[in-house]
Amino acid sequence: MIKTHKAPSHTPCSPGFTLIELLTVIAIIAILAAILIPAVSGVRLQARETAKRSAYRQMFIANNMYAIDNNGMTCLVADFRDDDKRPWTYLLSPYLSKEYKNKWKSREDGIFVDSFYESPNPTNTNWLGFGLNDRVRLPEDRKQNAFWRKEPRRWEAETLLAAITYPEFRIFLGDTKTNSHVDEDLIDTSRHKNKGMFVRFDGSVVLLDAAQANLAITDPKKLRSGIE
């Protein structure tokens, strides 16, 4: 009997990636990463800015509610009568929703810090990165919108919210370098592409450069007239 031998079957092996193919894949991944990472970062930055705008707007609404409970007066920058420490953040806290409080870095007595702001001294609760306008009568009157407890640093001035002039241009609250109030020496216009974020007395939240923000505090009438 003659035996026949079958040739052994060979399973074909898939060839591996060549070096050129691997380098091509790596290059494609790198290109996609270079495109996607900035886009994702941009979306995150935009989300942070939107949250900040919303919080600023919420503080504007809180001020209107404060005025209803305080004979129509806009919120004081500070009320230290009777030796009680009551900065504007303390005064507005009851009118801010818990939802917005939780979106900001908590400080003493419900004080919050701008998420774009890097405080030079995290333990100093006066350094918030944003503050209230304490010269709401400029340019006619330089009195602070505050009650101080000690002489000779004693300014006593309250301002009717309805009496504030040029509300569509005058700053209510916005970015500051350190302190919890806004004036021409403390405005910060570095956080949003050389602009600062501010909410005006008409409720609009805007980005202003240094010149615009300065006029919005010192002489908003000039902004209405188109003088910068």
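It should be noted that the structure appears before, not after, this text.
A. Region of interest: the pattern of salt bridges. In total, this model carries 10 salt bridges according to the counting rule given. Between Glu184 and Arg142 there is a salt bridge; the shortest N-O distance is 3.6 Å. Residue Glu184 is found in the loop between strand S7 (181-182) and strand S8 (196-200), and its partner Arg142 is found in the loop between strand S4 (130-133) and strand S5 (146-147); the two are separated by 42 residues along the sequence. For Arg142, a relative accessible area of 49% puts it in the partly exposed group. A salt bridge links Asp175 to Arg191; the shortest N-O distance between them is 3.8 Å.

B. Structural detail: the packing of aromatic side chains. Going through the model one piece at a time under the given rule, you end up with five aromatic pairs. Centroid distance Phe60 to Phe172: 6.4 Å. Interplanar angle 80°. Geometry classified as edge-to-face. Taken together, the residues span a long stretch of sequence, with Phe60 in helix H1 (residues 19-69) and Phe172 in strand S6 (residues 171-175) at a distance of 112 residues. Comparing Phe60 with Phe172 shows no difference in burial state: the two are buried. Each ring, one from Tyr66 and one from Tyr95, has its centre 6.3 Å from the other, and the planes form 85°; the classification is edge-to-face. Remark: Tyr95 occurs in the loop between helix H2 (88-92) and helix H3 (98-101) and Tyr66 occurs in helix H1; sequence separation between them is 29 residues. Put simply, the rings of Tyr56, Trp88 and Phe130 pair up and form one aromatic cluster. Above the face of the Phe116 ring, Arg48 is positioned so that its terminal group lies 4.1 Å from the ring centre.

C. Here's a closer look at the nonpolar core. Judged by nonpolar contacts, the single largest core of 26 residues is most densely connected at Trp88, Phe172 and Leu173. The set of elements that each furnish at least two residues to this core consists of H1, H2, S4, S6 and S8. Ranked by the residues each element gives to this core, the list is headed by H1, at five residues. When neighbours within four sequence positions are excluded, Leu173 is seen to be in contact with Tyr56, Met59, Trp88, Phe130, Gly131, Leu132, Phe198 and Val199. Listed in part, the 12 residues of the second largest apolar core include Val182, Ala213, Leu215 and Ile217.

D. Representation of the sheet that holds S8. On the basis of which strands lie adjacent, the open sheet formed by five strands has the order S7-S4-S6-S8-S9 and mixed pairing. The sheet is open, and its two edges are formed by S7 and strand S9 (205-208), each paired on a single side. Relative to S7, S4 is paired through two bridges, and the arrangement is parallel. For Leu132, the partnering residue across the bridge sits in S7 and is His181. Its contacts with the sheet place helix H4 (residues 210-218) against S4, S6, S7, S8 and S9, and it is angled at close to 125° to S9.

Rules behind the numbers
- Residues numbered from 1 in each chain as written.
- Predicted model: local features only at pLDDT ≥ 70, side-chain atom pairs only at ≥ 80, totals over all residues.
- Heavy atoms only, no water.
- Salt bridge = Lys/Arg side-chain N within 4 Å of Asp/Glu carboxyl O.
- Helix = DSSP H or I, 4+ residues; strand = E, 2+ residues; numbered from the N terminus.
- Buried < 20%, exposed > 50% of the residue type's maximum accessible area, 1.4 Å probe, protein only.
- Phe/Tyr/Trp six-rings, centres within 6.5 Å; stacked < 30°, edge-to-face > 60°.
- Lys NZ or Arg CZ within 6 Å of the ring centre and 35° of its normal.
- Core = buried A, V, L, I, M, F, W, Y, C linked by side-chain atoms within 4.5 Å.
- Contact = heavy atoms within 4.5 Å.
- Pairing = 2+ DSSP bridges.
- Axes fitted to C-alpha atoms, helices over the stretch in contact; angles between N-to-C directions.

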